[in-house]
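# Structural features, examined
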Amino acid sequence: MIVTPQKARFTEPLRLTSGAVLPEFEIAYETYGELNAARSNAVLICHALNASHHVAGTYANDPDNVGWWDNMVGPGKPLDTDRFFVIGNNYIGSCFGSTGPTSPNPATGKPWGADFPVVTVEDWVAAQARLADHLGIERFAAVMGGSLGAMQALQWALSYPARVRNSIVIAATPRLSAQNIAFNEVARQAIMTDPDFHGGHYYEKGVVPVRGLRIARMIGHITYLSDDAMMEKFGRVLRRVTPGFDFNIDFEIESYLRHQGDKFSTYFDANTYLRITKALDYYDPAADFGGDLSKSFARAQADFLVISFTSDWRFSSARSREIVRALLDNRRVVSYLENDAPQGHDAFLMDDPRYFAALRAYFGNIAL
Amino acid sequence: MTEAETIARWISPGSRVLDLGCGDGKLLRHLWLTRQAPGYGVEIDDAKAIACIHNDVNVLQLDLEDGLAAFADSSFDYVILSETLQAIHRQEPLMKEMLRVGREAIVSFPNFGYWKARIQIALAGHMPVSKELPYQWYDTPNVHHCTLVDFEALCDKLGFKVLERLVLTDAQPVFLLPNLFGSLAVYRVSA
């Protein structure tokens with residue numbers, strides 16, 4: 001499947017949760033399949049921390065660049081693009097094409113950099129609603145995402161209850177725990193204390209806070225994998241014949257983390273990383289309801305599919321069960337699956353046959 | 001008369017139903033189609049839970065042994081435990097949970113006092129293996145078998161009222177010596 005990324009431009013200002021206003025913005029997106037005449041088969045995919053609008057397929061000029069959820073989305077796949085019109089989008093504040101810190105600030109003509117406002121999950125969803133309007137989609141057959149993407153799928157059902165028929169919430173949490181926030185803060189500190197960060201104004205200095213980004217990514221990666229998966233994959237295998245008794249790489253896992261950190265720091269923007277982790281930290285749909293998630297979900301009208309992975313300790317199954325409980329309290333139509341795939345948080349990206357069979361069956365029952 | 005027909009007759013149209021150990025969701029589907037009773041199933045098995053999704057039945061993949069913490073007090077009219085009681089490790093807390101969450105509980109189980117089971121133990125001297133109890137003793141999900149007498153004694157102990165009872169053999173109601181001639185018991189109880 002060859003796809004072409006597109007951009008939509010929105011010139012009406014977007015008022016953000018923080019009170020700041022984005023005077024104008026662009027959203028990068030891709031579409032797969034065809035919108036039917038009734039416009040009833042659209043599915044919005046929301047991505048997690050470091051992914052993009054490139055959900056499935058490849059580019060004509062870059063055949064090795066396969067979309068991040070290509071195993072899930074495509075012709076004959078669990079989310080079948082022969083039947084559904086699927087939209088991948090890059091949220092605002094990101095660094096893959098939608099307006100973010102690396103984009104020009106219309107007021108100055110220079111990149112926003114540190115001046116780009118902090119955005120929230122609610123802001124992302126509001127911006128995505130503009131994209132839906134632009135594409136002529138009044139109501140989505142489904143909004144779907146994993147991890148941070150799942151927060152968006154959930155928020156869609158709360159921000160625009162009438163515009164979502166099904167909300168598919170995978171490897172989610174209704175709000176971050178203190179431990180989750182703690183990991184994010186360590187990542188942010190790694191970036192902000194990098195001498196090349198310059199208070200976020202590093203573009204004009206021609207440098208990148210590479211060290212901070214590397215460490216942020218290494219910390220993140222640890223939380224994406226289960227202890228068992230990491231042991232299975234790397235064990236205590238040494239990279240050299242005998243221990244060096246120095247501080248070069250001894251263990252395979254050290255090499256892996258450094259490699260992941262190096263790779264990440266070449267393509268990801270530090271200002272974006274700070275903002276995304278803040279969006280995660282702030283997200284709490286129960287905050288305006290005295291902490292009562294059930295009250296917060298009262299306005300939802302969608303049907304829900306919630307899936308968690310028992311090896312996920314970042315957003316554990318217990319956190320998904322909080323979502324399920326709040327949906328049951330509101331008598332929503334909901335199914336909940338607890339999958340015991342071993343990979344940890346990242347399991348939502350893997351093609352576990354039971355996970356895929358469940359999604360295939362669920363999408364198969366969505367009437368168009 | 002099948003067990004599903006019995007249960008469908010007992011529940012009033014439109015009531016809210018929770019089916020514990022719901023398998024592929026067949027009973028819930030039946031209750032929805034015949035009584036317009038919306039509900040949820042609880043099923044631990046992967047393949048069965050996926051079958052529920054395929055059958056368009058709400059399913060929650062939870063372990064009954066962990067209790068029913070996902071469900072609020074009195075949030076259902078009926079909580080059903082169909083041919084699953086014998087596979088539960090701790091019946092007492094689960095029975096209490098069922099009547100915390102539901103107004104009434106409907107429980108069915110294979111009657112271990114059925115004459116064929118008794119004969120296999122008493123005369124042949126081995127654990128019963130039959131249509132109703134198809135497992136060898138060393139390879140069975142069942143852990144606590146009981147008879148009608150045993151179950152009613154448990155209800156007594158827990159202070160639960162038996163509101164209705166139907167005993168079946170080969171889908172026929174049994175009225176004569178049900179603890180001897182009935183292979184499947186279906187009870188409706190309340191707190």
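Anyway, here's the lowdown on the structure attached to this text. (Residues numbered from 1 in each chain as written. Chains lettered and ligands numbered in written order. Predicted model: local features only at pLDDT ≥ 70, side-chain atom pairs only at ≥ 80, totals over all residues. Heavy atoms only, no water.)

## Side note on the packing of aromatic side chains
Throughout the structure, instances matching the rule amount to 28 aromatic pairs over all chains. Between Trp69(A) and Phe348(A) the ring centres are 6.1 Å apart and the planes differ by 90°, which places this aromatic pair in the edge-to-face class. Taken together, the residues Trp69(A) in the loop between strand 5 (42–46) and strand 6 (73–74) and Phe348(A) in the loop between strand 12 (334–339) and helix 10 (353–364) connect sequence positions 279 residues apart. The same class applies to Trp69(A) as to Phe348(A), namely buried. Relative to Phe76(B), the ring of Tyr40(B) has its centre 6.0 Å away and its plane inclined at 90°; by these criteria the two rings are edge-to-face. Of the two residues, Tyr40(B) sits in strand 2 (residues 39–42) while Phe76(B) sits in strand 4 (residues 76–82), which places them 36 residues apart along the sequence. For the pair Tyr40(B) and Phe76(B), one class covers both residues: buried. Seen from the ring of Tyr160(A), Arg163(A) lies directly overhead, with NZ or CZ sitting 6.0 Å from the centre. Residue placement shows Arg103(B) over the ring face of Tyr78(B); its charged tip is 5.5 Å from the ring centre. (Phe/Tyr/Trp six-rings, centres within 6.5 Å; stacked < 30°, edge-to-face > 60°. Helix = DSSP H or I, 4+ residues; strand = E, 2+ residues; numbered from the N terminus. Buried < 20%, exposed > 50% of the residue type's maximum accessible area, 1.4 Å probe, protein only. Lys NZ or Arg CZ within 6 Å of the ring centre and 35° of its normal.)

## Digging into helix 3 (residues 46–54) of chain B
Among the residues of helix 3 of chain B, those classed as buried are Ala49(B), Ile50(B), Cys52(B) and Ile53(B). Seen from one end, helix 3 of chain B has its buried residues packed into an arc of 150°, which puts them on one side. Helix 3 of chain B presents Ala47(B) and His54(B) as exposed residues on the side facing more than 90 degrees away from its buried surface. Contacts from the buried residues of helix 3 of chain B go to strand 11 (303–309), strand 12 and helix 10 of chain A together with strand 3 (59–60) of chain B. Of the residues flanking the start of helix 3 of chain B, the one acting as N-cap is Asp45(B), its side-chain oxygen 3.2 Å from the backbone nitrogen of Ala47(B). Remark: Asp56(B) follows helix 3 of chain B within two positions and exhibits a positive phi of approximately 60°. (Arc of directions from axis to C-beta. Contact = heavy atoms within 4.5 Å. Polar contact = N/O pair within 3.5 Å; in protein donor to acceptor, adjacent residues only side chain to side chain.)

## Description of the pattern of salt bridges
Oppositely charged side chains can form a pair if their charged atoms are brought close together. The final tally for this structure, using the stated rule, is 32 salt bridges over all chains. Put simply, Asp329(A) and Arg325(A) hold a salt bridge, and the shortest N to O gap is 3.1 Å. Of this pair, Asp329(A) and Arg325(A) both sit in helix 9 (residues 317–329), four residues apart, roughly one helical turn. With relative accessibility at 32%, the residue Asp329(A) sits in the partly exposed group. Arg325(A) sits in the partly exposed class, given a relative accessible area of 29%. Between Glu97(B) and Arg100(B) there is a salt bridge; the shortest N-O distance is 2.7 Å. (Salt bridge = Lys/Arg side-chain N within 4 Å of Asp/Glu carboxyl O.)

## A few points about unusual backbone geometry
Residues and elements named next belong to chain B. Even without a glycine there, the phi angle at Gln 36 is positive, about 50°. Mapped onto the secondary structure, Gln 36 falls in the loop between helix 2 (26–35) and strand 2. Positive phi outside glycine occurs at Asp 170, with the angle close to 50°.

## A word on the side chain of Arg163(A)
All names here are of chain A. With respect to the helices and strands, Arg 163 occurs in the loop between helix 2 (148–159) and strand 10 (166–170). Here Asp 133 takes part through its side chain, which lies 2.8 Å from a polar atom of the side chain of Arg 163. In this structure Arg 163 touches Ala 129, Ala 132, Asp 133, Ile 137, Glu 138, Arg 139, Phe 140 and Trp 156, once residues within four positions along its chain are discounted.

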